[in-house]
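One letter stands for each residue in the lines below.
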Amino acid sequence: MALAPAPGTAIRPALAQSPAPKDAAAKDLAKPGSGQPDATAQQKQRIERLDAELKDSTAAQQRLVREIEDIKGDRAKLNAALLDTAVRVRDVESKLDASEQRLLQLGREAADIRESLDSRRQVLSEVLGGLVRLGRRPPPALMVRPDDALQSIRSAMLLGAVLPELKAETDLLASELAAQERVRQETARERDALAELKASLADERLRTAALIEEKKKSLDAGEAALVNEKNRAAALAAEAGNVRELMERMETEIAAARKAAQEAAQTQPDQSPAARLAALKDPGRLSPGMPFAEARGMLPLPAGGAVLKAFGTDDGYGGQEKGMSLTTRVEAQVASPSDGWVVYAGPFRSYGQLLIINAGGGYHILLAGMDKITVELGQFVLSGEPVAVMGRGPQLVSSASLGTAQPILYVEFRKDGNSIDPTPWWATSESEKVRG
């Protein structure tokens, strides 16, 4: 299958092959005193680095194509690869958040050190100047100029008074200069690590996109039928007055959503703990590994980020929040919190892009605020499986009052059409999360 190049790949050949920069550089290097050997070496190293990055990118894409070919047609392997990649994306996004916070902290620390040094610049200049003058005019010999004895004694007394203060200032200056150098080195290392993490995230996103595309191709529904279903769903969304009405109409009037709802209603696992654990570990399963009601304290958040508004808090319009809002990274991956069937995927009123997952037992999960949904109507998704991608800023109409430029993901749980608090379902540690 044809794969799109990783972000940044498309411009690398132009940098490596374009003659214009080389000609311009050659003219500059030809000028007298332009430092030709160093500049030439740097230009050569830059070209070699770009060539190496391009080759690495091409090799990575070729490996990905071979991997997709190997797992094509095997649902379990495809799901396992997709879930593993989703975990790595989430991990890299978390590390990026930590690295960026560390850089901000280092920046504040460096600013504090510079401010401290600047505030004592005048004092240090006066003390150091006085020492220089004393060094240039040492105390005279008493036998040669006895009349200067009093001045010599006064100078010695002054020097004795100044030296302890000077030593304290010097020690403080030395410690702050050492701290400034440490911060500079740590900042450089953190920036290198950040660049590597961003490159790794781009690779993992490319892999995720390829796996999602392959999974779409493997769906049973025909392409033409799916297009008709989407068009019908869009028409129903335009007619529905609220989310509850939308869900009811989707699950009765759209074939793919109706089939998903029927499967959700029929799925009532009655298994032993060992059998249930085995089901949860099966990436090829076609129904939930456990009833949604029993998954309390085990579900992963759909995306990494901070809770901006919790369930039940004031919504700013005289009511209470029916769900929770999370701030996420730009273009962050969004995963399904639980196993379930997609019964709606598309735009809906003030929600923007809305995804509704039927988790069985009368439970539905609503996700909104994404830029792009990557799953289809009627599709069964696993807990932790990528289902959408966030944009570069808020997409929800209601996010205008939240005072942030970050993307905002809205999450709502419903039971028999009524909003419920999702807090009891979230996992408290990584080891407790339900994964395919």
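Thresholds applied
- Residues numbered from 1 in each chain as written.
- Predicted model: local features only at pLDDT ≥ 70, side-chain atom pairs only at ≥ 80, totals over all residues.
- Heavy atoms only, no water.
- Phe/Tyr/Trp six-rings, centres within 6.5 Å; stacked < 30°, edge-to-face > 60°.
- Helix = DSSP H or I, 4+ residues; strand = E, 2+ residues; numbered from the N terminus.
- Buried < 20%, exposed > 50% of the residue type's maximum accessible area, 1.4 Å probe, protein only.
- Lys NZ or Arg CZ within 6 Å of the ring centre and 35° of its normal.
- Pairing = 2+ DSSP bridges.
- 1 Å grid on protein atoms, 1.4 Å probe; cavity = no way out; pocket = protein on both sides within 12 Å on 5 of 7 lines; lining within 4 Å.
- Points joined across faces, edges and corners; volume = space filled by probe spheres on them.
- Salt bridge = Lys/Arg side-chain N within 4 Å of Asp/Glu carboxyl O.
- pLDDT = per-residue confidence, 0-100.
- Contact = heavy atoms within 4.5 Å.
- Polar contact = N/O pair within 3.5 Å; in protein donor to acceptor, adjacent residues only side chain to side chain.

Asks: Would you mind showing me how to read the packing of aromatic side chains here?
Replies: How two aromatic rings sit relative to each other is set out by the distance from centre to centre and by the angle between their planes. What the rule picks out here adds up to 9 aromatic pairs. For the pair F292 and F413, a centre-to-centre distance of 5.6 Å together with 70° between the ring planes defines the contact as edge-to-face. Of this pair, F292 sits in the loop between α10 (273–280) and β1 (306–309) while F413 sits in strand β10 (residues 408–415), and the two are 121 residues apart along the sequence. Each member of the pair, F292 as well as F413, carries the same accessibility label: buried. Relative to Y351, the ring of F348 has its centre 6.1 Å away and its plane inclined at 35°; by these criteria the two rings are tilted. Following the ring pairs from residue to residue traces out a cluster consisting of F292, Y363, F413, W425 and W426. Between the NZ or CZ atom of R296 and the centre of the ring of W425, over which it lies, the distance is 4.1 Å. The ring of Y363 carries the charged tip of K415 above its face, separated from the ring centre by 4.9 Å.

Asks: Would you mind going over the pairing of strand β6 (residues 363–370) with me for this structure?
Replies: Successive residues of a regular strand alternate their side chains across the two faces of the sheet. Across the 8 residues of β6, 8 count as buried, placing the element largely inside the fold. Bridge count for strand β5 (residues 353–360) against β6 is 7 bridges, and the pairing is antiparallel. Along β6, the bridge assignment pairs Q353 with M370. In sequence, β5 turns back onto β6 through a hairpin of 2 residues, with G361 there showing a positive phi of about 70°. Relative to β10, β6 runs antiparallel, the two being bridged by 6 bridges. Residue pairing across strands places I365 opposite F413, the latter belonging to β10.

Asks: Help me out: how do you make sense of empty space enclosed by the protein in this one?
Replies: Leftover empty space is mapped by rolling, across the atoms, a probe with the size of a water molecule. Applying the stated criterion across every chain, the model contains 4 cavities of 30 Å³ or more. Taken as a whole, the largest cavity encloses approximately 90 Å³ of empty space. In this structure, the largest cavity is lined by 13 residues; those nearest its centre are P288, M290, A295, S338 and D339.

Asks: Teacher, can you tell me more about the side chain of T208 here?
Replies: Examined against the element boundaries, T208 turns out to sit in helix α6 (residues 149–217). You can call T208 buried: its relative accessible area is 8%.

Asks: Help me understand the pattern of salt bridges in this model?
Replies: Where side chains of opposite charge bring their charged atoms close, a pairing between them can arise. Here the structure, examined in full by the defined rule, presents 20 salt bridges. E109 serves as the salt-bridge partner of R182, at 2.4 Å between the closest nitrogen and oxygen. Residue R182 is located in helix α6, and its partner E109 is located in helix α4 (residues 75–119); the two are separated by 73 residues in the primary sequence. Between R249 and E239 there is a salt bridge whose closest N-O contact spans 3.1 Å. Separated by 10 residues along the polypeptide, R249 in helix α8 (residues 243–253) and E239 in helix α7 (residues 223–239) bring together distant segments of the chain. E239 gets classed as partly exposed once you look at its relative accessible area, which sits at 46%. Counted as one network, the salt bridges with shared partners bring together E93, R205, E331 and R392.

Asks: How do you make sense of the confidence of the model for the protein when you look at a structure like this?
Replies: Residues shown with low pLDDT carry predicted positions that ought not to be read at fine detail. Chain-level pLDDT for the protein is 76 on average; 67% of the residues reach the 70-or-more range. Here residues 1–36 is a poorly scored stretch, pLDDT under 50, and it has 39 contacts once near neighbours within four places are set aside; other chains count.

Asks: How do you make sense of the environment of K230 when you look at a structure like this?
Replies: Examined against the element boundaries, K230 turns out to sit in helix α7. Judged by relative accessible area, which is 40%, K230 ranks as partly exposed. Considering only alpha carbons, one finds K230 and G346, 116 residues apart in sequence, at a separation of 8.4 Å.

Asks: Sorry, what's going on with the side chain of H364 here?
Replies: When you line up the elements, H364 lands in strand β6. Within the structure, the side chain of H364 is placed 3.5 Å from the side chain of N358, a separation counted as a polar contact.

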